[in-house]
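Geometric and topological summary
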Amino acid sequence: GKMAKSTENFIRLKTLVEKGFSPLAYRYWLLTAHYTKTINFNWDTMKSAQTALIKLYVAITKYENGGSINFDYKKRFSEMVSDDLDTPRAIALVWELVKDSSVSSADKKATLLSFDSVLGIDFEHAKEHITGEPIPADILTLAKERETARASGDFAKADEIRKKIADLGYEISDTTTGFHITKK
């Protein structure tokens, strides 16, 4: 039935998290249905969405850094989201790219990261979503300060901040879409 506060048949994100689901898995599930269609929520579909998203995260963690965006896939993705925001087809294209053996792993990663600027399911931090260990706020703050220093050409300060991050047990690497932080 229709979700309504008056009938108390609605789910909050807090409830999803309490039941062990990632809010990003909920987003992924919503992206697999067209926004103009009625969708029926149930716990099995949430479990399937979370499983699929974790499989995507695992695939991305295996890909190398330093690739280039595959413009054929990027063009197709742009056409799909420009066609009445057809996210179900865009998600299908994500999986097509993951399975495409003719595209290098580094190019897959760069292309998926570009898709994620629209999808918003945080491919950049895939490893943290698998391990469940989020990057601490102070490390993220340092990484952003380092990014600002690099952008302004203050490479000495950027290197100093990189060393601080390393001393705190994290490694930062630069990608075409920004930075990536991993725990040592």
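Residues numbered from 1 in each chain as written. Predicted model: local features only at pLDDT ≥ 70, side-chain atom pairs only at ≥ 80, totals over all residues. Heavy atoms only, no water.

**What to know about the packing of aromatic side chains**
In total, this model carries 6 aromatic pairs according to the counting rule given. Here the aromatic rings of F21 and W43 are separated by 5.6 Å at their centres, their planes lie at 25°, and the arrangement is stacked. Taken together, the residues F21 in the loop between α1 (13-18) and α2 (23-31) and W43 in helix α3 (residues 43-62) connect sequence positions 22 residues apart. Classification of F21 by relative accessible area gives buried; the value is 12%. Taking the centre distance of 4.1 Å and the plane angle of 10° together, the rings of F77 and F115 count as stacked. One end of the pair, F77, is in helix α4 (residues 71-82); the other, F115, is in helix α6 (residues 105-119), with 38 residues separating them in the sequence. Accessibility expressed as a relative area gives 1% for F77, which makes it buried. Here a set of aromatic residues connected by ring pairs shows up, and it is made of F21, Y26, W29, F41 and W43. It is K19 that lies over the ring of W43; its NZ or CZ is 5.0 Å from the centre. (Phe/Tyr/Trp six-rings, centres within 6.5 Å; stacked < 30°, edge-to-face > 60°. Helix = DSSP H or I, 4+ residues; strand = E, 2+ residues; numbered from the N terminus. Buried < 20%, exposed > 50% of the residue type's maximum accessible area, 1.4 Å probe, protein only. Lys NZ or Arg CZ within 6 Å of the ring centre and 35° of its normal.)

**Structural notes on the nonpolar core**
Counting residues in hydrophobic clusters, the biggest one holds 34 residues, and the most contacted among them are Y28, L53, L112, F115, L119 and F123. The leading source of residues in this core is α3, at 8 residues. Among all residues touching F115, those that are not within four sequence positions of it are Y73, K74, F77, L93, V94 and L97. If you look at the next biggest cluster of nonpolar residues, it comprises 10 residues, including I139, A143, Y170 and I172. (Core = buried A, V, L, I, M, F, W, Y, C linked by side-chain atoms within 4.5 Å. Contact = heavy atoms within 4.5 Å.)

**A closer look at α4**
Given a rise of 1.5 Å per residue, 12 residues ought to cover 16 Å, and the 16 Å separating the end C-alpha atoms of α4 matches this to within 8%. Inspection of α4 places Y73, F77, M80 and V81 among the buried residues, and these make up the whole buried set. Looking straight down α4, one finds that the buried residues subtend no more than 90° of arc, so they occupy a single side. Opposite its buried face, α4 presents the exposed residues F71, K75 and S82, each directed more than 90 degrees away. Next to the buried residues of α4 lie α5 (87-99) and α6. Downstream of α4 by a residue or two, D84 has a phi angle that is positive, lying close to 55°. (Expected span 1.5 Å × (residues − 1). Arc of directions from axis to C-beta.)

Geometric descriptors of this kind do not, in isolation, establish any biological role.
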